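What follows is the residue order along each chain.
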Amino acid sequence: MSRIGAIEAGGTKMGLAVGTEDGDILERTAFPTTDPASSIARMVEWFSGRSIDALGVGAFGPTCVNPSDASFGYVLETPKVAWRHVDFRGALAGDLNVPVGYDTDVNAACLGEATYGAGKGLDCLVYVTVGTGIGAGVLVDGKLLHGMLHAEAGHIPVTRVEGDGLPSVCPYHPSCLEGLASGPSIESRWGRPAADLEGRDDVWELEAAYLAQGLATYVLCYAPRRIVLGGGVMSQLQLFPLIRAGMSSILAGYVRTPEIEDLDTYIVPSGCAGDQGILGALELGRRALRGD
């Protein structure tokens, strides 16, 4: 069986693995994200000794995911200035001489959930990560959604909850979902990280109010068969019933489907035990190898 390399490329950490086409992870490592030359050299060195047949990469963005574009695989206007306009995919493909599947980190995670996790067998799925940032990967008709770029659904505008005057942590938008509900936003608003606020009902009621707005928008725009929520903030499982109730209130009975009638199985936690990004990258590599 072919050996597939996988990279979950984050702004702070690079996760690397080797696995099979069936999603079995054989070996893995991780190291901090530094400058492009050093990080890419370290990845190439690690994979070079492991006889991989293909590689899948889920990359932080914005990044070009259109194979017909001359900038395919380049990192674009990322806040990590040193990585701007780096040919990430091209450098890996050239040095390793294997097929390379490439997409965003959150799309890779969505693919991981659709292939192995809470969205397995579904042809239309939204995966949302809520952590250092907020992003959404979208699967439609079994394919990851791409357009002129890729979905930036973490930056949709939301209506501020009355009394919440916290400045947005997003440098671009005064009231987007990421700016008001990401992990850094929680810490900025309450003075402590999310992990230290578990018993604070006021924290999670406000957080759920913003996330419910986001999910209602995704339902109306994408009509997914399920929404999977992951990322560090979503380890606060008390959020799930609050989000479900909030989204139901916002939709106000307008969308009536069997899925929406059972929100406990519609809005769900990740089913990949935190490995959705790596597993999605393995699937990207498998598809690149098979020409899917």
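Read on for an overview of the structure.

### Some thoughts on the overall build of the protein
Consideration 1: Along the backbone of the protein there are nine helices and 10 strands.
Consideration 2: Here the protein has a C-alpha radius of gyration of 19 Å; the compact-globule value for 292 residues is 19 Å, and the two agree.
Consideration 3: For the protein, buried positions account for 49% of its 292 residues.
Consideration 4: Looking at the protein alone, contacts between residues at least 24 apart form 61% of all its contacts between residues at least 6 apart.
Consideration 5: Where the 21 positive side-chain charges of the protein centre and where its 35 negative ones centre are 2 Å apart.

### A look at the pairing of strand 2 (residues 13–20)
Consideration 1: In terms of burial, strand 2 is largely enclosed, as seven of its eight residues are buried.
Consideration 2: The sheet contact formed by strand 1 (residues 3–9) and strand 2 spans seven bridges and is antiparallel. Following the sheet pairing, Ile 4 is matched in strand 2 by Gly 19.
Consideration 3: In this structure, the hairpin formed by strand 1 and strand 2 is closed by a connection of three residues.
Consideration 4: Across seven bridges, the pairing between strand 2 and strand 3 (residues 25–32) is antiparallel. Within the sheet, the bridge partner assigned to Gly 19 lies in strand 3 and is Ile 25.
Consideration 5: Between strand 2 and strand 3, which pair antiparallel and follow one another directly, the connecting turn spans four residues, one of which, Gly 23, has a positive phi of 90 degrees.

### Overview of the packing of helix 5 (residues 183–190) against helix 6 (residues 201–222)
Consideration 1: With their axes 12 Å apart at the nearest point, helix 5 and helix 6 run at an angle of 140 degrees to one another. Relative to helix 6, the element helix 5 is oriented oblique. Like other packed secondary-structure pairs, helix 5 and helix 6 cross with a definite hand, here right-handed. When helix 5 is examined against helix 6, the residues Ile 186, Arg 189 and Trp 190 are found in contact with a partner set consisting of Asp 202, Val 203, Trp 204, Leu 206, Glu 207 and Tyr 210.

How each quantity is defined
Residues numbered from 1 in each chain as written. Predicted model: local features only at pLDDT ≥ 70, side-chain atom pairs only at ≥ 80, totals over all residues. Heavy atoms only, no water. Helix = DSSP H or I, 4+ residues; strand = E, 2+ residues; numbered from the N terminus. Rg over C-alpha atoms; globule rule 2.2 N^0.38 Å. Buried < 20%, exposed > 50% of the residue type's maximum accessible area, 1.4 Å probe, protein only. Contact = heavy atoms within 4.5 Å. Lys, Arg positive; Asp, Glu negative; His and termini not counted. Charge placed at Lys NZ, Arg CZ, Asp CG, Glu CD. Pairing = 2+ DSSP bridges. Axes fitted to C-alpha atoms, helices over the stretch in contact; angles between N-to-C directions. Parallel < 35°, antiparallel > 145°, perpendicular 65-115°, else oblique. Left-handed = near helix turned anticlockwise from the far one by under 90°.

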